[in-house]
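Inside the fold
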Amino acid sequence: MRSFKTFSQILLLTGCSLIAARAQTTAAQAAKEPDHFDLNAVDKSVDPCVDFYQYSCKKWLDNNPIPSDQASWGHGAKLALWNQFVLKDVLEKASSSDPGRSAVEKEIGDYYASCMDESGIDAKGIGGLKPELDRIDALKGKGQLGGYLAHLHAITFQLEPATDSGAETALFGFSSGQDLDDASKVVAQLDQGGLGLPDRDYYLKDDAKSVETRQQYVAHLEKTFELLGENSATAGAHAKTVMEIETALAKVSMDIVLRRDPANLNHKMSAQELRALTPEFSWDEYLKDVQAPATMHYLVAAPDFFKGVNQLIKAQSLDHLKTYLRWQLVTASSSLLGQPWVEEKFDFYGRKLVGQKQQRPRWRRCTQYVDRDLGEALGQAYVDRTFGAEGKARMLKMVQALETSLGTDIEQLDWMSDTTKKEAIVKLKGFEGKIGYPNQWRDYSSIKIVRDDLLGNAFRSGEFEQRRVLEKIGRPVDRGEWGMTPPTVNAYYDPQLNTINFPAGILQPPYFDKQKDDAVNFGSIGAVIGHEMTHGFDDEGRKFDPTGNLRDWWTEQDGKEFERRAQCVADEYSGFEATPGTKINGKLTLGENTADNGGTRIALMALHNILAAEGKSDEKIDGFSADQTFFIAYGQAWCSNLTPQLLRVIAQSNPHSPPQFRVNGVVSNMPEFQKAFGCKKGQPMVRDNACHVW
């Protein structure tokens, strides 16, 4: 239920077919190494005061069309691909039959080999799923749903979610997490789930595109049931049943914007109250089979959703519920089955939903699966090859510099009282920075990895991860745990641990380059650091105190002043059109937009402090001032092409704004930018009503 505040879920979603002649280039052909910052890449034919994103990125965008196996293409995607090449080399060596392999090498190598065995997987067909399908068929009554769902949640615990608006498993999600009111306690958590489309609104909106997407989805459901061996009429009826059940779940799901307020998710219940909330569901069977430790209470994110689940179970026949469970099992597993299953899933979720023309090569998908299921085992080898002590030391220095500048910013705010400032400084000083990788690597040795059993490996990995997560209930909080694997090109803030986290994967060019000037690094990775720090004080993060408890530490007047300033940001971004007819949801993206604006501002403050201390404030870099270089580095970090389909998905369901607005939306609020480039009042990059929270 707890959602990390990430720098960007769009870093890996970067690309739009602009140059047809190169449209069939694959990502692997387009990038063998990450990009580097390049001042010569700016397009001087574009006025930076009219469109700074195009000034920074137009040359790159024109020269880097979306590869055919991507829905998007940008610097983050190139870096992620370079990271995957490193991992591919590790895995190919580890997957050999060398008897001298270490236990970790054998683990990751055998998993990778099981995935690369495409002919063996094709030959098995649906055989690997047959015991699970038989188990569903054998259900004799609704009272057995709890027991089977506990099993299904375990084996699919790690598998690909289709939605970001709640849990990622059939019907609902069951996990563990810190209590919202007492972050020192780990409790059982329940959340909404069970949808196959990205968000509840995909089921409820009646515009032409939403109707078309639903029609395509039903067709995908029908084809999937046909792959199970059903005739067209039966498959069509089953597709209709699944759509009916998922639509009912969507209607009772909490809106994605309402979910951004943690107070809306804070509902404590006893086991007795949970049973009373959903009496039609066999909670005793579920809780027994899921084997979770005793919990202080259950944190139920969306009680109304569970009331809806109760009505659904009551209204639907057992056969209909079994049809839904079969679908949930199969859609979660399809990417691990033979080519017809892989292709059918890609056709809907790739081609139709986000506009990707071609499936990624198998080695990339297999690398992703090993990273997903054995991420810290694989991450050890990645760190050994790519991340040194020098890079970690420089990152720590930058983090300290930004903490200082954020502290100065807080102290100088003219709209915040001294009472709230003192609390804010305490929270800031409580930040813990995690750089690169965990101090203690996770042990996966209890997972049985079989060299010719990809589906089984994934299921057993899911069971391992669910058991590991649930065993936290009632135990002290593990502050050393990471929410991302080391090769990940991203970063995040955890509001309940009050930590800012930067995996080694993003600490590579063009975001972090040990060979570049401070102005370049502060404009790229510095803005990322600032972004994560600002999350601690955005419209969600500000509601947590330094210990991670949901507590209002603001004076009433300061809270009102924050909301007024945050509304300015929400209104600004709500005016941006991601794709014709689809505007950004300024309320959904408020936290990320606030972090972009505040993070960039405090990164620039930190740069100014360092340059002044070193007597380099007036130095030029290839004819550009330090401030100009800083902003160009920030702009270039977001150079990205995206398909119209993906832009629509992002605008409707993602808390991050599309890249061009993360650039222009920020710089148009900054007098420092306008001064650096000589922008005048009335130009597009000079907002009349500039927003400024942090």
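Residues numbered from 1 in each chain as written. Predicted model: local features only at pLDDT ≥ 70, side-chain atom pairs only at ≥ 80, totals over all residues. Heavy atoms only, no water.

**Description of the overall build of the chain**
Helix and strand content of the chain: 28 helices and 14 strands. For a compact globule of 694 residues, the expected C-alpha radius of gyration is about 26 Å, and the chain comes in at 25 Å, within 12% of that figure. Along the first, second and third principal axes, the C-alpha set of the chain runs to 75 × 55 × 55 Å. Across the 694 residues in the chain, those meeting the buried criterion constitute 62%. Counting contacts in the chain only where the partners sit at least 6 residues apart, residues at least 24 apart contribute 77% of the total. For the chain, the computed accessible surface area is about 26100 Å², with 49% contributed by carbon and sulfur atoms. Considering the chain, the positive charge centre built from 80 side chains and the negative charge centre built from 95 side chains are found 1 Å apart. (Helix = DSSP H or I, 4+ residues; strand = E, 2+ residues; numbered from the N terminus. Rg over C-alpha atoms; globule rule 2.2 N^0.38 Å. Buried < 20%, exposed > 50% of the residue type's maximum accessible area, 1.4 Å probe, protein only. Contact = heavy atoms within 4.5 Å. Areas by Shrake-Rupley, 256 points an atom, 1.4 Å probe, with all protein chains shown as cover. Lys, Arg positive; Asp, Glu negative; His and termini not counted. Charge placed at Lys NZ, Arg CZ, Asp CG, Glu CD.)

**Comments concerning unusual backbone geometry**
A cis amide bond, omega 5°, links Pro509 with the succeeding residue Pro510. Within the secondary structure, Pro510 is located in the loop between strand E9 (499-503) and helix H21 (518-523). A positive phi angle, near 55°, is found at Asn498, a position not held by glycine. A relative accessible area of 0% places Asn498 in the buried class.

**Describing the pairing of strand E4 (residues 186-192)**
With 7 of its 7 residues buried, E4 lies for the most part within the structure. Pairing analysis gives 7 bridges linking strand E3 (residues 172-178) to E4, with the strands arranged antiparallel. Bridge pairing links Ser176 to Ala188 in E4. (Pairing = 2+ DSSP bridges.)

**Remarks on the packing of aromatic side chains**
Under the counting rule described, the total for this entry stands at 36 aromatic pairs. An angle of 80° between the planes, with centres 4.9 Å apart, marks the rings of Phe348 and Tyr349 as edge-to-face. In terms of burial, Phe348 and Tyr349 fall into one category: buried. Judged by centre distance (5.1 Å) and plane angle (35°), the ring pair of Trp553 and Trp554 falls under tilted. With respect to burial, Trp553 and Trp554 carry one shared label: buried. Taken together, the ring pairs in this structure connect Trp415, Phe431, Tyr493, Phe537, Trp553, Trp554, Phe562 and Trp694 into an aromatic cluster. For the cation-ring pair, Lys88 lies above Trp363, with the distance from its terminal atom to the ring centre recorded as 5.3 Å. (Phe/Tyr/Trp six-rings, centres within 6.5 Å; stacked < 30°, edge-to-face > 60°. Lys NZ or Arg CZ within 6 Å of the ring centre and 35° of its normal.)

**Some remarks on the state of the cysteines**
Applying the stated criterion to the full structure yields 4 disulfides. There is a disulfide in this structure between Cys49 and Cys679, and the S-S distance comes to 2.1 Å. Judged by the sign of its S-S torsion, about -85°, the bond between Cys49 and Cys679 is left-handed. On the criterion of sequence distance, the pair formed by Cys49 in the loop between helix H1 (27-30) and helix H2 (52-63) and Cys679 in the segment after helix H28 (671-677) is long-range, its members being 630 residues apart. For Cys49, a relative accessible area of 2% puts it in the buried group. For Cys679, a relative accessible area of 12% puts it in the buried group. Across a sulfur-sulfur distance of 2.1 Å, Cys568 and Cys691 are joined as a disulfide pair. (Disulfide = S-S within 2.5 Å.)

**Remarks on the environment of Ala315**
Structurally, Ala315 can be placed in helix H13 (residues 303-315). Residue Ala315 is classed as exposed on the basis of its relative accessible area of 67%. Placed 80 residues apart in sequence, Ala315 and Met395 show a C-alpha to C-alpha distance of 56 Å.

**A few points about the pattern of salt bridges**
Going through the model one piece at a time under the given rule, you end up with 47 salt bridges. Ionic pairing is found between Lys185 and Asp182, a salt bridge with its closest N-O pair at 3.2 Å. Since its relative accessible area comes to 36%, Lys185 is described here as partly exposed. Asp182 sits in the partly exposed class, given a relative accessible area of 26%. (Salt bridge = Lys/Arg side-chain N within 4 Å of Asp/Glu carboxyl O.)

**Focus: the environment of Pro198**
Residue placement: Pro198 occurs in the loop between E4 and helix H8 (201-204). Overall, Pro198 belongs to the buried group, its relative accessible area being 8%. Along the sequence, Pro198 and Ala458 sit 260 residues apart, while their C-alpha atoms lie 23 Å from each other.

**Here's the deal with empty space enclosed by the protein**
Taken as a whole and judged by the stated rule, the model has 6 cavities of 30 Å³ or more. A volume near 100 Å³ is recorded for the largest cavity. Taken together, Ile121, Lys124, Gly125, Gly128, Leu336, Leu337, Asp453, Leu454 and Leu455 make up the full set of residues lining the largest cavity. Of all the secondary-structure elements, those providing two or more residues to the lining of the largest cavity are helix H5 (118-124) and helix H20 (454-470). Per-class residue counts for the lining of the largest cavity are 5 nonpolar, 2 polar and 2 charged. What the second largest cavity holds in volume is close to 70 Å³. Lining the second largest cavity, in full, are Leu145, Leu149, Leu171, Phe281, Ile313, Leu321, Tyr324 and Leu325. Among the secondary structure elements, those contributing two or more residues to the lining of the second largest cavity are helix H7 (145-155) and helix H14 (318-333). It is H14 that provides the largest number of residues to the lining of the second largest cavity, a total of 3 residues. Tallied by class, residues from the lining of the second largest cavity come to 8 nonpolar, no polar and no charged. (1 Å grid on protein atoms, 1.4 Å probe; cavity = no way out; pocket = protein on both sides within 12 Å on 5 of 7 lines; lining within 4 Å. Points joined across faces, edges and corners; volume = space filled by probe spheres on them. Nonpolar A, V, L, I, M, F, W, Y, C, P; charged D, E, K, R; others polar.)

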